[in-house]
Amino acid sequence: MLVNTKEMLENARQGTYALPAPDFVDLDSARVFVKTAERLQKPLILSYAQALENMLSLEEAAAIGCLLGRESSVPVALHLDHGMDREFIGRAIELGFTSVMIDASDKSFEENVRCTSEIVRLAHDSNVTVEAEIGHVGQGDNFASFENSESVYTMPEEAAEFVAQTEVDSLAVSIGTVHGIYKNLKSPVLSFDCLHKLAEKIQVPLVLHGGSGTGDDNLHRCAVEGISKINIFTDFLTAAMEQIQKDSAADYLAVKRAANRGMADVLEHYYSVFAGN
Ligand SMILES: [Zn+2]
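About the criteria used
- Residues numbered from 1 in each chain as written.
- Predicted model: local features only at pLDDT ≥ 70, side-chain atom pairs only at ≥ 80, totals over all residues.
- Heavy atoms only, no water.
- Helix = DSSP H or I, 4+ residues; strand = E, 2+ residues; numbered from the N terminus.
- Rg over C-alpha atoms; globule rule 2.2 N^0.38 Å.
- Buried < 20%, exposed > 50% of the residue type's maximum accessible area, 1.4 Å probe, protein only.
- Contact = heavy atoms within 4.5 Å.
- Areas by Shrake-Rupley, 256 points an atom, 1.4 Å probe, with all protein chains shown as cover.
- Lys, Arg positive; Asp, Glu negative; His and termini not counted.
- Charge placed at Lys NZ, Arg CZ, Asp CG, Glu CD.
- Salt bridge = Lys/Arg side-chain N within 4 Å of Asp/Glu carboxyl O.
- pLDDT = per-residue confidence, 0-100.
- Donors = N, O, S within 2.8 Å, 3.2 Å for Na, K, Ca; no water.
- Core = buried A, V, L, I, M, F, W, Y, C linked by side-chain atoms within 4.5 Å.
- Pairing = 2+ DSSP bridges.
- Right-handed = clockwise from strand over helix to strand, strands pointing away.
- Disulfide = S-S within 2.5 Å.

**Q** Any chance you could explain the overall build of the protein chain here in plain terms?
**A** Tallying secondary structure elements over the protein chain gives 10 helices and eight strands in all. Whereas a compact globule of 277 residues would reach a radius of gyration of roughly 19 Å, the protein chain reaches 18 Å, a difference of no more than 12%. Taking the principal axes of its C-alpha atoms as reference, the protein chain extends roughly 55 × 40 × 35 Å. Counting only residues that meet the buried cut, the protein chain has 55% of its 277 residues in that class. Of all intrachain contacts in the protein chain linking residues separated by at least 6 positions in sequence, the fraction that spans at least 24 positions is 72%. When the accessible surface of the protein chain is split by element, carbon and sulfur atoms take 52% of a total near 12200 Å². Of note, the protein chain has its 22 positive side-chain charges centred 4 Å away from the centre of its 41 negative side-chain charges.

**Q** Quick question: what am I supposed to make of the pattern of salt bridges here?
**A** A side chain of one charge can pair with a side chain of the opposite charge when the charged atoms of the two come close. Tallied over the entire structure, the rule returns 14 salt bridges. The shortest N-O distance in the salt bridge between Glu-59 and Arg-91 comes to 2.6 Å. Of this pair, Glu-59 sits in helix α3 (residues 58-71) while Arg-91 sits in helix α4 (residues 86-95); the two residues are 32 residues apart in sequence, bridging distant segments of the chain. Since its relative accessible area comes to 39%, Glu-59 is described here as partly exposed. Through salt bridges with shared partners, a single network forms among Glu-59, Glu-87 and Arg-91.

**Q** Please explain the confidence of the model for the protein chain as it appears in this structure.
**A** Low pLDDT means the predicted atomic positions in that stretch should not be read closely. Scored by pLDDT, the protein chain comes out at a mean of 94, with 96% of its residues at no less than 70. Taken as a whole, residues 142-149 scores under 50 in pLDDT and shows 11 contacts with residues more than four places along the chain or in a different chain.

**Q** Please clarify how the coordination of the zinc ion should be interpreted in this entry.
**A** Ideal geometry at a metal centre: 109.5 degrees between donors when four sit tetrahedrally, and 90 or 180 degrees when six sit octahedrally. Of the protein atoms, only His-82 (NE2), His-179 (NE2) and His-209 (ND1) coordinate the zinc ion, at distances of 1.9 to 2.1 Å. Between consecutive donor residues of the zinc ion, the sequence gaps follow H-x96-H-x29-H. Highlighted residues: His-82 in strand β3 (residues 76-83) and His-209 in the loop between β7 (206-208) and α8 (216-224), separated in sequence by 127 residues. The same class applies to His-82 as to His-209, namely buried.

**Q** What is the right way to read unusual backbone geometry from this model?
**A** In terms of backbone geometry, most residues other than glycine have negative phi values and most peptide bonds are trans. Positive phi is not limited to glycine here, since Thr-16 has a value of about 45°. Structurally, Thr-16 can be placed in the loop between α1 (6-15) and β1 (19-22). You can call Thr-16 partly exposed: its relative accessible area is 40%.

**Q** Quick question: what am I supposed to make of the nonpolar core here?
**A** Looking at soluble globular proteins, one finds that nonpolar side chains tend to be buried together. Ranked by internal contacts, the top residues of the largest apolar core, which has 80 residues, are Phe-24 and Leu-171. Per-element accounting of this core gives the leading share, nine residues, to helix α10 (residues 252-273). Sequence-distant contacts of Phe-24, that is, excluding residues within four places in its chain, are made with Ser-29, Ala-30, Phe-33, Leu-46, Ser-47, Tyr-48, Leu-52, Leu-56, Ala-61, Ile-64 and Leu-78.

**Q** Hey, could you run me through the pairing of strand β2 (residues 44-49) in this one?
**A** Put simply, side chains in a regular strand alternate between the two faces of the sheet. Of all six residues making up β2, six are buried, and the element is well covered by its neighbours. Examined bridge by bridge, β2 and β3 share six bridges and lie parallel to one another. Pairing of Leu-44 across the sheet is with Val-76, part of β3. Each parallel crossover has a hand, and the one from β2 via α3 to β3 is right-handed.

**Q** Would you explain the state of the cysteines in this entry?
**A** Defined simply, a disulfide is a covalent bond joining two cysteines at their sulfur atoms. According to the stated counting rule, one finds zero disulfides in the structure shown. Not engaged in a disulfide, the cysteine Cys-222 finds its nearest cysteine sulfur in Cys-194; these two sulfurs lie 11 Å apart. Note on Cys-222: relative accessible area 0%, which makes it buried.

**Q** Whenever I open this one, the side chain of Thr-36 confuses me. Can you help?
**A** If you trace the backbone, Thr-36 turns up in helix α2 (residues 27-40). Judged by its relative accessible area of 2%, Thr-36 falls in the buried class. Setting aside chain neighbours within four positions, we find Thr-36 in contact with Ala-264, Leu-267 and Glu-268.

**Q** Help me understand the environment of Leu-46, please; the structure alone is not making it clear to me.
**A** Position of Leu-46 relative to the elements: it lies in strand β2. Sequence-wise, Leu-46 and Thr-116 are 70 residues apart; in three dimensions their C-alpha atoms are separated by 21 Å. Look past the residues within four positions of Leu-46 in its chain and what remains in contact with it is Pro-22, Phe-24, Ala-30, Phe-33, Val-34, Gly-65, Val-76, Ala-77, Leu-78 and His-79.

Here you go:
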């Protein structure tokens, strides 16, 4: 069944576990994620990122996500990851997305509040949930150390004020992860102190971006210490390629089968890493 993220994320918050939010890039990856969730009988946040529009259009993503979600035996939220503008997000809602992210984290606090509030009003009219971001999760390419990383840690007081002013349903926070691949492939040092303060002050589910490469121990701690949704993308691509090489896949169908198996294994792995104690 196709649902918004309200109930599944509130359950995760109260149960102190996190749900994985994998980004799909085509029908195969979307189907693998839904089938894996069904096999494990877990809810799924099936995500599509605006940045991947050149691989899969919004219309194609909506058609795939709505079909698979509606037919699924487990709750599936079709989520727009990193929606950048009102026009695109509005179109996603019209096409049947049940959850959207507005990312105005590179703007000033006031401008972020203004953009996010506008999307919240628009989305809530259609029973669509909204995720926003405060603080900024940077890109792996720029990541060198905390001193000169482009990430900006989320400040708890400011985040609480942001939630109160925007009435957003969930909040992406920055505690030391980055998007993509970590330089030198080293797991980051996260600020759990910052996470504890955020979890204490903020009454909506918290989201962690840049989960790939962050390490199982870090991610498990995040899941049980206050994060309710963890975004994963790069790890699926890496696992797909590794499985293709391991199987020495010799034709296109064998490549697809291997890639699908690689991605299914990663999602199953993360459901267990993000589970509560
Ligand atoms: Zn992100």
